Amino acid sequence: VTLGLKNMKGVIPESEKKRFHLIGLEQAIAELNLVVQPSLTVVDGVIGQEGFGPIAGTPVKVGVLVVGRNPVAVDSVACRVMGFKPEKIKHIAKAAEIGVGTLETEVVGVPVKEVCRKFKNPEFKFEEFKGVKIHLGSPCSGCLGAVAIGLLRLKREGELEEVVKRLGGLNVYLGPHARPKPQEKHKNLVVGNCLRKHANEGFYVPGCPPIGFAIRDVVRLMLGLKPLVLSERDLVQAQQH
């Protein structure tokens, strides 16, 4: 969930945000809030988002604000408004463990039970994408999220079905320990800077992590379609060697 604690990533440079995914996102978010401690946390829940955000989620009108001086408690209350158990959200639980704040607090104002609603989980299974084989080589959460968003958009637009029909399937490799099969390079999608040395073993998507739009555009390139977001320079890097 992106609430008060996670939103503190906004105080660090882009390079550190990426590094958080590599070293362990949940613990890094918790410890960041020990270093940078806000005096007041405001969660704008007038309109939230459920499902696989932030790009592929669905807006939800909730009509609440959650405000407090204890960021862990604020996030805890906001989680309950969304129908989630805060102790099950790893970065919130870790923040409580290391003393950033407490999970429990007195709620002043409208009772949570009067405004809560069950948000859809962001979870999905890669198995839902027929014809796509995902090869995981210990990827970070950033790459996993980017690939998921890219595949979701390809599926919604019917492009993924076309890939399976024309190429016989799609092999997606991500994570530093993934090893693409050169003999299937025509249908290999090699994702992320950590696999740059294998760029010539398929269609390569640079980035740490790459954005979901870039993944979709490179797959469109595999189909001979024009890109929607990528520049010509980006396409050169993604060309099959």
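Above this note sits the structure.
So, here is what we can say about the structure in this document. (Residues numbered from 1 in each chain as written. Predicted model: local features only at pLDDT ≥ 70, side-chain atom pairs only at ≥ 80, totals over all residues. Heavy atoms only, no water.)

All right, on to the state of the cysteines then. What is meant by a disulfide is a covalent connection between two cysteines, made through their sulfur atoms. By the definition in use, this model includes 0 disulfides. Between Cys 116, a free cysteine, and Cys 79, which holds the nearest cysteine sulfur, the sulfur-to-sulfur gap is 13 Å. (Disulfide = S-S within 2.5 Å.)

With respect to topology, 4 strands assemble into an open sheet ordered β3-β4-β5-β6, the strand pairing being parallel. Looking at which strands have only one partner, the edges of the open sheet turn out to be β3 (132–136) and β6 (203–205). Direction aside, neighbouring strands of the sheet carry axes that sit 20 degrees apart on average. Strand direction decides the pairing type here: β3 and strand β4 (residues 170–174), joined by 5 bridges, are parallel. Paired with His 135 across the bridge in β4 is Tyr 173. Against the sheet, helix α9 (residues 212–222) engages β4, β5 (188–191) and β6, with an angle of about 165 degrees to β6. (Pairing = 2+ DSSP bridges. Helix = DSSP H or I, 4+ residues; strand = E, 2+ residues; numbered from the N terminus. Axes fitted to C-alpha atoms, helices over the stretch in contact; angles between N-to-C directions. Contact = heavy atoms within 4.5 Å.)

On to the pairing of β5. Judged by which residues are buried, β5 turns out to be covered on both faces: Asn 188 and Val 190 on one side and Leu 189 and Val 191 on the other are all buried. As paired strands, β4 and β5 are joined by 4 bridges and run parallel to one another. Following the sheet pairing, Val 172 is matched in β5 by Leu 189. Examined bridge by bridge, β5 and β6 share 3 bridges and lie parallel to one another. (Buried < 20%, exposed > 50% of the residue type's maximum accessible area, 1.4 Å probe, protein only.)

For the structure shown, the criterion picks out 8 salt bridges. Here Glu 16 and Arg 19 are joined by a salt bridge, their closest N and O atoms 2.9 Å apart. Of the two residues, Glu 16 and Arg 19 are both situated in helix α2 (residues 14–23); the distance of 3 residues between them amounts to about one turn of the helix. The residue Glu 104 makes a salt bridge to Arg 80 at a minimum N-O spacing of 3.0 Å. Of this pair, Glu 104 sits in the loop between α5 (90–97) and α6 (112–115) while Arg 80 sits in helix α4 (residues 71–81), and the two are 24 residues apart along the sequence. The exposure class of Glu 104 is exposed, given its relative accessible area of 55%. Using a relative accessible area of 29% as the deciding quantity, one classes Arg 80 as partly exposed. One network of salt bridges, in which partners are shared, links Glu 159, Arg 216 and Arg 220. (Salt bridge = Lys/Arg side-chain N within 4 Å of Asp/Glu carboxyl O.)

This next bit is on α9. Owing to its 3.6 residues per turn, the α-helix aligns residues three or four sequence positions apart on the same side. Of all 11 residues that make up α9, 10 are buried, and the element is covered over most of its length. Taken as a whole, α9 has its buried residues at Gly 212, Ala 214, Ile 215, Arg 216, Asp 217, Val 218, Val 219, Arg 220, Leu 221 and Met 222. One or two steps after α9, the chain reaches Gly 224, where phi turns positive at roughly 80 degrees.

This next bit is on the nonpolar core. Leu 151, Leu 170, Val 172, Leu 189 and Val 191 are the most contacted members of the largest nonpolar core, which has 30 residues in total. Elements represented by at least two residues in this core include exactly α7 (141–156), α8 (159–167), β4, β5, β6 and α9. Sorting elements by how many residues they give to this core places α7 first, with 8 residues. Those residues in contact with Leu 189, other than ones at most four positions away along the chain, are Leu 170, Asn 171, Val 172, Tyr 173, Phe 203, Val 205, Ile 215, Val 218, Val 219 and Met 222. If you look at the next biggest cluster of nonpolar residues, it comprises 29 residues, including Leu 3, Leu 25, Val 72 and Val 112. (Core = buried A, V, L, I, M, F, W, Y, C linked by side-chain atoms within 4.5 Å.)

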